[in-house]
Amino acid sequence: MAVSLRPGPPLRFVTPSMTPSLRRFIHNEASSAAVLLAASVVALIWVNSPWGESYHHLWELPVRIAFGDAVFEMDLHHFVNDAAMAVFFMVIGLEVARETTAGELSDRRIMSVPAIGAIGGLGIPIAIYLIINALFGDGGEAMNGWGIVMSTDTAFVLGVLALFGPHCPDRLRMFLLALAVVDDIGAIAVMAIFYSDDIQIVPLFVMAGIVVLFGVLRWVGYWKLTPYVILTLALWFAAYACGVHPTLAGVVAGLLIPASTPENRSRELVIFGRALIENPSADGVRLANLAANSTVSANERLQTWLHPWSAFAVIPAFGLANAGVELSSETLETALTSPVTIGVMVSLILGNGLGITMFAVGALRSGVGMLPGGVRYGHLVGAALLAGIGFTISLFITDLAFDDESLQDQAKIGILAGSMLAAVIGVWVLRVMGERMPLCSPSGDTAPPELPPLPWTAPAYPRTFGR
């Protein structure tokens, strides 16, 4: 008799389930990057087709939310960038909190090298962009684009690494994830401080009060998700009214939702599970579910639910809404000599490559930290170049930095070209280094133990073992 892999009684009509390989693909970072890339290509083709006007009309459609006489309205483009992207940033906040609390990045020595490298990846690209636009540009609004070049697209970087990187890239993935975590925190802080204007004091105090409520819930050890979700929505509306970019609410909420592993609740789970088996009832199901949920942190439960929506709905929608650049001959000719386009391209590739490598090597030489086992200096250089893929948040900051549509187009062309070149060069370096210095080697400097002499035979178990 076949045993069902899903809980509950079988249905009269059973639909085909996903194969293990398809399930693995969906959970892989590469799939998210592939969907984002496909959406961006569709946007480019659409806006440069004879139906290009319909692309712009789509994102100008109004989105309204009404509560009685109170009406909240924005166009579809701003809804994606300001509301839906808050989910993406919340997932980043949840990932940061989980990894630094109980994950692989909780080790200070392993975390310090990519963290210091990320500081170089923030500062050096900004300096290169400002120098290029100061020397070859006319100043003005173009100088506001310095924030575009400081971000690393986590989904694209990890996706490219999974698809085209060296064999056994797990330890390199850990390094890049830590790098992207610090990079995202820096980019979000810059957005909140430098790309927000007309700050309203009263909503700002409301935001502070909501953050205090988050802290109170954490302090009392509350583990259910509903209050945290309600506070997150309230924090978003307060941020929107305050003048701070509302996606900041997603990051703050993600960082504040508890990520620590709950105390052992297995005894409670056994009690409620046994009660449900002995006396099946709706109330017993509810109590057993609550007992099961209490064994997992609120952070992990919310991240598990939000991550597929962020990866396969929010991010593709963002790519579709923001990657539409009209590649006319006039636009491309302007971009070829534009300090904005050239500054973005050079900063993403050279700025990240130099900044991350120099600062990370400095941290290693000074003994502040260490690379995860198996990662070598060559891999570090390749990872630094790969971190120049600054797609999602770079496009996001472009709309905040420039009001002039021509400057936006020039910056987006620089982002697309720079990210593509960073991916190609970074993959090439990693593949070359991956062949010479395999990442599959064990951690540490000691050699692996020698194998026992041949012949190898299975161990002989006592006779009583099989009885």
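Before reading on, note that the structure itself is shown above.
Residues numbered from 1 in each chain as written. Predicted model: local features only at pLDDT ≥ 70, side-chain atom pairs only at ≥ 80, totals over all residues. Heavy atoms only, no water.

Attention shifts here to the overall build of the protein chain. Across its full length, the protein chain holds 18 helices and two strands. Counting over 467 residues, the protein chain shows a buried share of 45%. A fraction of 81% describes how many contacts in the protein chain between residues 6 or more apart in sequence connect residues 24 or more apart. A total accessible area of about 25,100 Å² is found for the protein chain, and carbon and sulfur atoms account for 66% of it. (Helix = DSSP H or I, 4+ residues; strand = E, 2+ residues; numbered from the N terminus. Buried < 20%, exposed > 50% of the residue type's maximum accessible area, 1.4 Å probe, protein only. Contact = heavy atoms within 4.5 Å. Areas by Shrake-Rupley, 256 points an atom, 1.4 Å probe, with all protein chains shown as cover.)

Next up on the list: the nonpolar core. Considering soluble globular proteins, one finds that nonpolar side chains tend to be buried as a cluster. Phe89 and Leu386 are the most contacted members of the largest nonpolar core, which has 108 residues in total. Leu386 has contacts with Val157, Val160, Leu161, Leu176, Ala422, Ala423, Gly426, Val427 and Leu430, leaving out every residue within four places of it along the chain. (Core = buried A, V, L, I, M, F, W, Y, C linked by side-chain atoms within 4.5 Å.)

There is about 1,000 Å³ of room inside the largest pocket. Going through the elements one at a time, helix 3 (52–59), helix 4 (76–102), helix 9 (226–242), helix 17 (392–401) and helix 18 (405–436) are the ones with two or more residues in the lining of the largest pocket. The residue inventory of the lining of the largest pocket, partitioned by class, reads 13 nonpolar, 12 polar and nine charged. (1 Å grid on protein atoms, 1.4 Å probe; cavity = no way out; pocket = protein on both sides within 12 Å on 5 of 7 lines; lining within 4 Å. Points joined across faces, edges and corners; volume = space filled by probe spheres on them. Nonpolar A, V, L, I, M, F, W, Y, C, P; charged D, E, K, R; others polar.)

Our focus in this paragraph is the packing of helix 5 (residues 108–136) against helix 15 (residues 339–365). The contact between helix 5 and helix 15 brings their axes to 6 Å, and the two run at 145°. Note that helix 5 runs across helix 15; the crossing there is right-handed. Class assignment of the residues belonging to the contact of helix 5 with helix 15 gives a composition of 20 nonpolar, nine polar and no charged. (Axes fitted to C-alpha atoms, helices over the stretch in contact; angles between N-to-C directions. Left-handed = near helix turned anticlockwise from the far one by under 90°.)

Positionally, Gln408 belongs in helix 18. Setting aside anything within four residues of it in sequence, one finds Gln408 in contact with Thr398, Asp399, Phe402 and Asp403.

Here we take up the pattern of salt bridges. Enumeration over the complete set of coordinates arrives at two salt bridges. Arg64 is the salt-bridge partner of Glu73, the closest N and O atoms lying 3.1 Å from each other. A relative accessible area of 41% places Glu73 in the partly exposed class. With a shortest N-O distance of 3.4 Å, Arg98 and Glu95 are connected by a salt bridge. (Salt bridge = Lys/Arg side-chain N within 4 Å of Asp/Glu carboxyl O.)

Taken as a whole and judged by the stated rule, the model has 10 aromatic pairs. Ring geometry for Trp236 against Tyr240: centres 5.4 Å apart, planes inclined by 15°, an arrangement best described as stacked. Highlighted residues: Trp236 and Tyr240, both in helix 9, separated by four residues, approximately one helical turn. The exposure class of Tyr240 is partly exposed, given its relative accessible area of 34%. Ring pairs connect the aromatic residues Phe88, Phe89, Phe318 and Phe396, which therefore count as one cluster. (Phe/Tyr/Trp six-rings, centres within 6.5 Å; stacked < 30°, edge-to-face > 60°.)

Here the focus is the pairing of strand 1 (residues 62–67). By the criterion of burial, strand 1 is predominantly exposed, with just zero of the six residues buried. Alignment of strand 1 against strand 2 (residues 70–75), held across six bridges, turns out to be antiparallel. Within strand 2, the position partnered with Ile65 by the bridge is Phe72. Between strand 1 and strand 2, which pair antiparallel one after the other, the connecting turn spans two residues, and Gly68 there sits at a positive phi close to 65°. (Pairing = 2+ DSSP bridges.)

On the surface, Ile119, Leu350, Leu354, Met358 and Phe359 cluster together into a nonpolar patch covering about 440 Å² of accessible area. As for its placement among the helices and strands, Phe359 is situated in helix 15. (Patch = residues over 30% accessible without salt bridge, like charges linked within 9 Å, V, L, I, M, F, W, Y side chains within 5 Å.)

Together, Glu53, Glu60, Glu326, Asp403, Asp404 and Glu405 line one region of the surface with negative charge. Considering the arrangement of structural elements, one finds Glu405 in helix 18. Look at Glu405 and you get exposed, because its relative accessible area is 60%. (Lys, Arg positive; Asp, Glu negative; His and termini not counted. Charge placed at Lys NZ, Arg CZ, Asp CG, Glu CD.)

On to helix 3. Listed as buried for helix 3 are Gly52, Tyr55 and Trp59. Viewed along the axis of helix 3, the buried residues span an arc of 50°, placing them on a single side of the element. (Arc of directions from axis to C-beta.)

Looking at the secondary structure, you find Val206 in helix 8 (residues 201–220). Linking Val206 and Ala239, residues 33 residues apart in sequence, is a C-alpha distance of 8.8 Å.

This part is about the packing of helix 9 against helix 10 (residues 247–256). Where helix 9 contacts helix 10, the two axes come as close as 8 Å, and the packing angle between them is 145°. The handedness of the crossing between helix 9 and helix 10 comes out as right-handed. Each of Thr232, Leu235, Trp236 and Ala239 in helix 9 lies in contact with helix 10, whose residues at this interface are Ala249, Val252 and Ala253. A per-class count over the contact of helix 9 with helix 10 returns six nonpolar, one polar and no charged.

Checked against the element boundaries, Thr331 lands in helix 14 (residues 329–337). Engagement of the side chain of Thr331 in a polar contact is seen with the backbone oxygen of Glu326, the distance being 3.3 Å. Beyond its immediate chain neighbours, meaning those up to four positions away, Thr331 contacts Glu326, Asp409 and Ile413. (Polar contact = N/O pair within 3.5 Å; in protein donor to acceptor, adjacent residues only side chain to side chain.)

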